[in-house]
Each structure stands twice: as C-alpha cells, then as structure tokens.
Amino acid sequence: MSLSVQELSFSYGAKRALDAVSFEAAPGRFTALLGPNGAGKSTLFSLLTGLFVAPLGRIVVAGHDMASAPRAALAAMGVVFQQPTLDLDLSVRQNLRYFAALHGLSARVADARIDAALDRLDMRERAGEKARALNGGHRRRTELARALLHEPRVLLLDEPTVGLDAAARAAITVHVHDLAAGGLTVLWATHLTDEVLPDDDLILLHRGKIEAAGRAGDLHGAMPLKDWFLTRTGEPA
Ligand SMILES: Nc1ncnc2c1ncn2[C@@H]1O[C@H](COP(=O)(O)OP(=O)(O)OP(=O)(O)O)[C@@H](O)[C@H]1O
C-alpha cells in the first residue's frame, strides 16, 4: 500500500473532527474519499499534508512515517489543494519552475518534465501565459501538472473540481482516473457522487468516521451511488 492511515483522530478543542479513521489506498487505484460537508475531509487532508500534526494515529506514505520521516513522506506525495495556489502574476512555466526548484530539480530536468506535463494536459501553448489569464479549468490543470513534477507515488486532491464548469470537471476527473490506471496512488476527496466510477475504491466518511469502504460498485450495487449516499449519510449528494 502506498498510503496507509491508521487509527487517526483529531479534535478542534472539544469538537472531534476525525475519530479513529483507518484506510489504505493502493497503487494503480483511484480511491474516492466521499463525504458530505463537515465530514472531516479537509481535516484529514491537513493531517496527510503535514499542515496539522495528528496527536493520535499514524500516516505512512510510500513506506515513510509522517511522524518520524516527514520529509521523505512529503517528497513521495503530490497535492492539489481545494483553494487555488498559483501565483497569478507568474506565467504557467514560471509557476512550475518555482515548484520544481523547491523540490531540488535542476533547471534542465525541470524543463523537460514541465514540457512533458503540459503536453499531457494539452497546455504546451499556454506555457508563457500568466496564470491570471487562464480559466479555472486550465488553472487546475496547471496545479495538477505541478503536483506531479517531482514524480510522487501518491497524489492527493481535495475537492479539485470545486468552481469548475461541467466540461472542465469531467476532463480533470477523466485525466486523474487515467493517472491512477498508469500506476499512481490517487486519493480524491469529493462530495460529488458523479465523480466516482463503479470500479473505483470508495471510502465513505461521515461525521469523522469511516462509514463504509470497498469497491464503489460493490457498495452501492444496483442502487445509484447518489441514493446509496443519501441512505448512508442522511444527506443529499
Ligand atoms: N478550525 C475549526 N474549529 C472548530 N471546528 C472545526 C474547524 N475546522 C473544521 N471544524 C469542524 O470539524 C468538522 C470537520 O470539518 P472539515 O472541514 O474537515 O470537513 P469537510 O468534510 O472538509 O467539509 P467541507 O467539505 O465543508 O470542507 C466539521 O464539523 C467542522 O465544523
């Protein structure tokens, strides 16, 4: 397993946001972390990315424990945050080069990887444009390209389609499923059931606890995922 979360708990004062959460995400699989608003998805991402330190439980990324080997764990991880994080005054290429430099990549290696990443996302001709000039879908693609530059084993995305139109949402969802099919470990947090395919691995998080986990199609069976989600959480997707 390239991502393993064991008995993770976290509270904001008296408010318990995560309660003994355990799950694994495997290489070559798209794992959807599905939960209604307030389920604890963002809290979990803050712990996975080292923004918060978990007082209870364990996170292991590609064999590296976040508590004892945080640098190695973080180096094995690519992250697309819910909030946009591009520098809007820099070009696409400058944004990517800056990130590559932070990861210690030489300019030559960085430029080769940037070109390949932009080609894959059909964005090569936008490389010189300021991030400000891009629409939401292209900004997200740039963030995705950036998250992969250091060739992580695990890709984490926190509600990456928020604010995108239907076409951009579909394109990025398909692209990330392809990345998983190519061998990457993907953890995709969402509250939107139409982003989850029957063959995906699904973790249902509700009120800080894992409510169900398994292959999505096996969990919801003949019932549409949206209806299954409603019966298990009492909240519409
Ligand atoms: N800074 C905070 N202080 C107190 N409670 C918080 C804080 N941040 C989150 N919470 C609470 O912790 C719980 C989990 O919140 P979290 O933001 O992780 O959920 P989420 O699934 O990401 O929801 P959303 O999709 O709305 O971001 C919620 O009940 C929320 O109200």
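Every chain is numbered independently, its residues counted from 1 as its sequence is written. Totals for whole chains, interfaces and linings use every residue, but because this is a predicted model, local features are given only for residues with pLDDT of at least 70 and side-chain atom pairs only at 80 or more, for both listing and counting. To obtain the side-chain values, all non-hydrogen atoms of the structure were included, while hydrogens and water were left out.

Colleague: Lay out unusual backbone geometry in plain terms, naming residues and giving numbers.
Modeller: The phi torsion at A62 lies on the positive side, around 50°, for a residue other than glycine. Note on conventions: DSSP H or I runs of at least 4 residues are helices, E runs of at least 2 residues are strands, and numbering of each starts at the N terminus. Within the fold, A62 resides in the loop between β4 (56-61) and β5 (64-65). According to the relative accessible area criterion, A62 is buried, its value standing at 14%. To sort residues, take the accessible area from a 1.4 Å probe on protein chains only and compare it with the maximum for the residue type: under 20% means buried, over 50% means exposed, and anything in between is partly exposed.

Colleague: A description of the domain arrangement of the chain should follow, citing residues and the corresponding values.
Modeller: Looking at the chain, the domain boundaries give domain 1 (1-76 + 154-237) and domain 2 (84-151). The centre of domain 1, based on its C-alpha atoms, is set 25 Å off from the matching centre of domain 2. Contacts are assigned to residue pairs with any non-hydrogen atoms lying within 4.5 Å of each other. The partner domain 2 presents ten residues to the 14 residues of domain 1 that form the contact. In total, about 830 Å² of surface goes out of reach between domain 1 and domain 2, with carbon and sulfur atoms giving 76% of it. Any carboxyl oxygen of Asp or Glu that lies within 4 Å of a side-chain nitrogen of Lys or Arg is treated as forming a salt bridge with it. At the surface where domain 1 touches domain 2, the tally comes to zero salt bridges. Throughout this description, a polar contact denotes any pair of N or O atoms lying within 3.5 Å of each other; where both atoms belong to protein, one of them has to be capable of donating a hydrogen while the other can accept it, and for residues adjacent in sequence the pair is counted only when both atoms sit in side chains. Our enumeration of links across domain 1 and domain 2 arrives at one residue pair in polar contact (both at pLDDT 80 or more). When contributions to the side of domain 1 that touches domain 2 are tallied by element, the ones reaching two or more residues are α2 (70-75), β7 (154-158) and α6 (166-181). For the side of domain 1 that touches domain 2, the element with the most residues is α6, which contributes five residues. Within the side of domain 1 that touches domain 2, the residues separate by chemical class into eleven nonpolar, two polar and one charged. Boundaries between domains were set according to an automatic or database domain assignment. Note: buried area is the sum, over both parts, of the accessible area (probe 1.4 Å) each one loses when the two are combined. Three classes are used: nonpolar for Ala, Val, Leu, Ile, Met, Phe, Trp, Tyr, Cys and Pro, charged for Asp, Glu, Lys and Arg, and polar for all others, with Gly counted as polar.

Colleague: Give a detailed account of the nonpolar core, specifying residues and quantitative values.
Modeller: Residues L144, L155, L157, V176, V186 and L202 are the most contacted members of the largest nonpolar core, which totals 40 residues. Shared between two domains, this core takes at least three residues from each, and those domains are domain 1 (1-76 + 154-237) and domain 2 (84-151). If we skip the residues at most four places from it in the chain, V176 touches F30, L144, L155, L157, V186 and W188. Grouping buried Ala, Val, Leu, Ile, Met, Phe, Trp, Tyr and Cys residues that are joined through side-chain atoms within 4.5 Å yields what is termed a nonpolar core. L48, M66, A76 and V79 belong to the second largest nonpolar core, which has 28 residues in total.

Colleague: Give a description of the sheet that holds strand β9 (residues 201-206) that names residues and reports values.
Modeller: Pairing between the strands of a sheet is mediated by backbone hydrogen bonds and can be parallel or antiparallel. Pairing between strands is defined by DSSP: at least two bridges between the two strands are required. Taking strand neighbours across the sheet as the criterion, the six strands line up as β6-β7-β8-β3-β9-β10 in an open arrangement whose pairing is mixed. Every other strand in the sheet has two partners, leaving β6 (77-80) and β10 (209-215) as the edge strands with one partner each. The average angle at which neighbouring strand axes cross in this sheet is 15°, direction not considered. Both strand β3 (residues 30-34) and β9 contribute to a ladder of four bridges, which runs parallel. Its bridge partner being in β9, L33 is matched across the sheet by I203. Under this scheme, a helix contributes an axis fitted over its contacting stretch, all axes are lines through C-alpha atoms, and angles between N-to-C directions fall in the 0 to 180 degree range. Along the sheet, helix α8 (residues 225-233) contacts β3, β9 and β10; its crossing angle with β9, the most-contacted strand, is approximately 35°.

Colleague: Explain the pattern of salt bridges to me, and be specific about the residues and the numbers.
Modeller: Under the defined criterion, the tally for this structure stands at 20 salt bridges. Of the charged contacts, one joins D218 and R215 as a salt bridge, the two residues approaching to 2.9 Å between their closest N and O atoms. The class for R215 is partly exposed, based on a relative accessible area of 31%. Several salt bridges converge on common partners, so that one network encompasses R93, R97, D111, D115, D119 and R124.

Colleague: Explain the site of the ligand residue by residue, including any values.
Modeller: In this text, near means that some heavy atom of the residue lies within 4 Å of the molecule or strand in question. Neighbouring the ligand are Y12, K15, A17, P36, N37, G38, A39, G40, K41, S42, T43 and E159. Contact between the ligand and A39: an oxygen atom at 3.0 Å from a main-chain N or O atom of the residue. A distance of 2.9 Å separates an oxygen atom of the ligand from a polar backbone atom of G40. For accessible areas, the Shrake-Rupley method is used with a probe of radius 1.4 Å. Any residue's cover is judged against the shown protein chains and nothing else. Its free accessible area being 630 Å², the ligand has 61% of it covered by the protein chains. Looking at the shell around the ligand, the elements that each hand over two or more residues are β2 (15-25) and α1 (41-48). With three residues, the single largest contributor to the shell around the ligand is α1. Looking at side-chain class alone, the shell around the ligand contains four nonpolar, five polar and three charged residues.

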